[in-house]
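# Descriptive structure summary
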Amino acid sequence: MEGELYVRLGYTMDALYRSITRHLAYSLGVVPTQASKRDIYLALSYSVRDRLLEKMLKTNQRYEDSGAKRLYYLSMEFLIGRSLANNLRAMKIYDQVAEALELLGTDVETICDQERDAALGNGGLGRLAACFLDSMASLDMPGFGYGLHYDYGLFEQDISNGYQREKPDSWISEAPALQVERADAACIVPMYGRIEETKDKWGRHNPLWLGWNLVTGVPYDIPIAGYGGLTVNRLRLFAARPSTEFDIKIFNEGDYLRAVEQKIESEKISKILYPKDSYEAGRELRLIQEYFLVACSLNDIVRTYEKDYSDYNKFPEKVAIQLNDTHPALAVAELMRILVDQKWVPWERAWDITNRTIAYTNHTLLPEALEKWPESLLARLLPRHLQFIYDINQQFLDRVVTLWPGDVDRMRNMSIVEEGPPRQVRMANLAIVGAHSVNGVSALHTDLIKKSLAPNFFEMWPERFNNKTNGITPRRWLCVANPNLHDLIEDAIGPGFVTDLERLRELEPFAEDPVFCEKFLQVKHGNKERLKDVIFNTTVVEVDPASLFDVQVKRIHEYKRQLMNVLGIIWEYLALTEDGVEPANPKTFIFAGKAAPGYWAAKQLIKLIHNVGNTIEDDPKARDFLKVAFAPNFRVTLAEQIIPAADISQQISTAGFEASGTGNMKFALNGALTIGTMDGANIEISQKVGRENIYICGLTAYEIEKMKRAGSYKPKAMYDKHPMIKRVVDSLASDRFCPRESGLFAWLKDYLLADNEMFFHLADLESYVKTRELSTKEYVDKTLWAKKAILNVARVGHFSSDRTIRQYADEIWDLVPIPPTEAEKSGKLK
Ligand code: GPK
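Rules used throughout
Residues numbered from 1 in each chain as written. Predicted model: local features only at pLDDT ≥ 70, side-chain atom pairs only at ≥ 80, totals over all residues. Core = buried A, V, L, I, M, F, W, Y, C linked by C-beta atoms within 7 Å. Buried ≥ 20, exposed ≤ 12 C-beta atoms within 10 Å, placed from the backbone. Helix = DSSP H or I, 4+ residues; strand = E, 2+ residues; numbered from the N terminus. Contact = placed C-beta atoms within 7 Å. Pairing = 2+ DSSP bridges. Domains from an automatic or database assignment. Right-handed = clockwise from strand over helix to strand, strands pointing away. Axes fitted to C-alpha atoms, helices over the stretch in contact; angles between N-to-C directions. Parallel < 35°, antiparallel > 145°, perpendicular 65-115°, else oblique. Left-handed = near helix turned anticlockwise from the far one by under 90°. Nonpolar A, V, L, I, M, F, W, Y, C, P; charged D, E, K, R; others polar.

### So, the nonpolar core
If you look at the biggest cluster of nonpolar residues, it comprises 245 residues, and the most contacted ones within it are F292, A331, V332, A431, I642 and I790. The greatest single-element share of this core, amounting to 10 residues, is contributed by helix α10 (residues 284-306). When neighbours within four sequence positions are excluded, V332 is seen to be in contact with T354, I358, L430, A431 and G434.

If you want it as structure tokens, here you go:
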């Protein structure tokens, strides 16, 4: 039956071949024999896009017919990476395409390798959004992403003499093969202007927002294929363009230059992704971006709703809006403004609708990442929204006063507007007050939200707070990234686990099967060989696949403690070269990650990693046992190459700081063992895989918090007491790792020994180093290692983003799947 269906769908090798050659001729204007790899990549992408768009239209029709509720995921970031191979796997045409490409004298891997990453995100938060889109489509759920169509994604990282250099990432050239422009669905966004206080014909207070500037939002749709290829949802990204109406007016007034200036100003809005994973205080353009996303999205959502309904009573039953962090929190004010000012819904009723529609996910407790915008900026940019924020706040504080009369501290603490100077609007408070659900992203993180971030809100609305532990899509992080492991598992337990990841449990007995263990280790070795080439081609460092690959890849941030990893490496280096203690197995430390361009300490760490690596490489006593490689330009595609090759996954954040982590899940799914602190989702991972199959070290969040409060962390005392800690820290203060750049790392000694050192590096160092030693020792016993790694794979199914999305759908969104009809399944639908 499958064969016949493929004919109807145009998914056979023949049909795909014809489609590729047609696109070569008619979309690109080249003859097949003269086509470059890039041409073939584009022609294939267009062929895939044709088929996805067809399914997207059918999916949309199915949703419309069902009248089902829809979920809109508002996010400033969607870190998609490459799409082609992922789509070929989802549509199950990878093999047919491979054959068709052979006829064109090339191969599918080479062609997929032509694609550049869509890096429309910084890290975890953006990649989570991309995994969620994949899961919603794979679960046949009407869930759609809304984001910004940045011209420039996250910067590209070059390394020069160990220092990070940033280069712009012009993603836009890649976009046409992935998306369709939907000029028909463009919208107009007002900003700036003033309020005129008027009265309506009944004499009621009627403020008018006048004199605004207009910007046009042009949507681009990227099809998101669910696994199996029948449900295709869309990610809608808005680009800012000058409003033609406004333009024409100025042109007509004869002010040509001002009109052109205006045009350039408007287009700035979607020009670039801000490269910081916490927000940029006071950056006006960033606030404009956030508002632009919210305004375009809500316009679209309301328009879609109005196709079927003439009043707003059913809005919360047909629409759910999830805010990915506070970046789109202005949605609370914008939805109120639309309902009250444009749809004439009474304020109280509008508030009820808004609250029942919107839900908010918090992703961090870091104080510097909590968004606050100056009231003066909002007054200028969004005067009408600010009025709604005041009204919401007034109403809310009235309730607080009734519940806790006279508790001024509590009021000050909970107020959406923070007393100045300068007075600021707290976006987290706005989101918590405006949403019916507030969720954290791991059990520990949610607990800390309740206890330390927002205890007063939790006391007021305990039922509002809930946990949704993050997950990752097994389609990308297993099928695409590690096809050989996928095939090995499928041989063992049969198909179906890719959409039902808990079924990996069936692998458990194979952990005792020597033949399976041997094959498992072979797959890992193959992946390490593949990574060896990637590293050699980008760094000229030659790594040995027989060594233990110990990997830490993620944003460079003090709380993630790449520095503690380096201290561990120096410890092992000194032990080896000065005390003659060899590691149980040769080790390769692999790092990758970007530092925010303005984050000095993070950039110094990149330099330190390089210099420590060079010192070791120059030392004949050390170089056969230890090696350090920093792979430049970390991105989704590099993660897909590194993670399947890892033996050890380092997840060593200061407990209480990493909200969840998702890299930890990707590594475990690919059979790496975790060295980790009791932070974020590491805790839940350890519960699932079993304490004996993970290396846990360091203080707990509770212990850290206690020491902080008591002021009892005394790193200098630890340095004085522990000779090895002293040697490691002193080596940094010396020029040992910077012989040609004297004094470069001296600051690190002061940093590490300061009583107010926020991230407790030295407090965890000894426990960490011991744990590393144990893991290296156990690595030597291949049978033991394979068993533990396989048990990690077998028991990590819980962390599929399918599970996460089901929980969001059941517990927050009230969203149900709308599966393909029989006609869609047979491909007979016209
Ligand atoms: C959290 F607040 C933020 C942010 O601005 N960017 C970002 O990537 C991450 N995050 C957390 O740091 C991770 O612990 C978490 O797994 C991820 O968001 C997804 O929830």
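Don't stop here, the text continues.
### As for the sheet that holds strand β25 (residues 695-696)
The strand order across the open sheet built from six strands is β22-β21-β20-β23-β24-β25, with neighbouring strands paired in parallel fashion. This sheet does not close on itself; its edge strands, each paired only once, are β22 (626-630) and β25. For strand β21 (residues 587-592) and β22, the ladder comprises five bridges, and the chain directions are parallel. Within the sheet, the bridge partner assigned to T588 lies in β22 and is K627.

### Quick word on unusual backbone geometry
A cis amide bond, omega -5°, links G420 with the succeeding residue P421. Here P421 lies in the loop between β16 (417-418) and β17 (424-426). Phi at Y192 takes a positive value of approximately 65°, unusual for a residue other than glycine. Looking at where Y192 falls in the secondary structure, it is placed in the loop between β8 (187-191) and β9 (194-199). Here the phi dihedral of V540 falls at roughly 65°; this positive angle occurs in a residue that is not glycine. Counting through the fold element by element, V540 comes out in the loop between α22 (514-539) and β20 (548-553). Taking the number of C-beta atoms within 10 Å as the measure of exposure, V540 has 8 and is therefore exposed.

### Some points on the domain arrangement of the chain
By a widespread convention, an interface's size corresponds to the accessible area lost as its parts come together. Looking at the assigned domains, one finds that the chain contains domain 1 (1-65 + 83-116), domain 2 (67-82 + 117-470 + 811-826) and domain 3 (474-799). Inter-centroid distance (C-alpha atoms) of domain 1 to domain 3 is 38 Å. Each partner contributes to the interface: domain 1 provides four residues, whereas domain 3 provides four residues.

### Some remarks on the pairing of strand β24 (residues 673-676)
The two faces of β24 match: L673 and I675 on one face and T674 and G676 on the other face are all buried. Looking at chain direction, strand β23 (residues 648-651) and β24 are connected through four bridges and run parallel. Residue pairing across strands places S649 opposite T674, the latter belonging to β24. Handedness of the crossover joining β23 and β24 through helix α26 (residues 663-669): right-handed. Both β24 and β25 contribute to a ladder of two bridges, which runs parallel. Counted as the bridge partner of I675 is Y695 from β25. Once the chain exits β24 it traverses helix α27 (residues 682-689) before rejoining the sheet at β25, and the crossover so formed is right-handed.

### With respect to the packing of helix α21 (residues 483-493) against α22
Taken N-terminus to C-terminus, the directions of α21 and α22 make an angle of 165°; their axes are 9 Å apart at the nearest point. If you check the angle between α21 and α22, you find them roughly antiparallel. Here α21 and α22 pass one another in a crossing that is right-handed. Between α21 and α22, the residues in contact are N484, L485, L488 and A492 and F516, K519, F520, V523 and G526, respectively. When the residues that make up the contact of α21 with α22 are grouped by side-chain class, the tally is six nonpolar, two polar and one charged.

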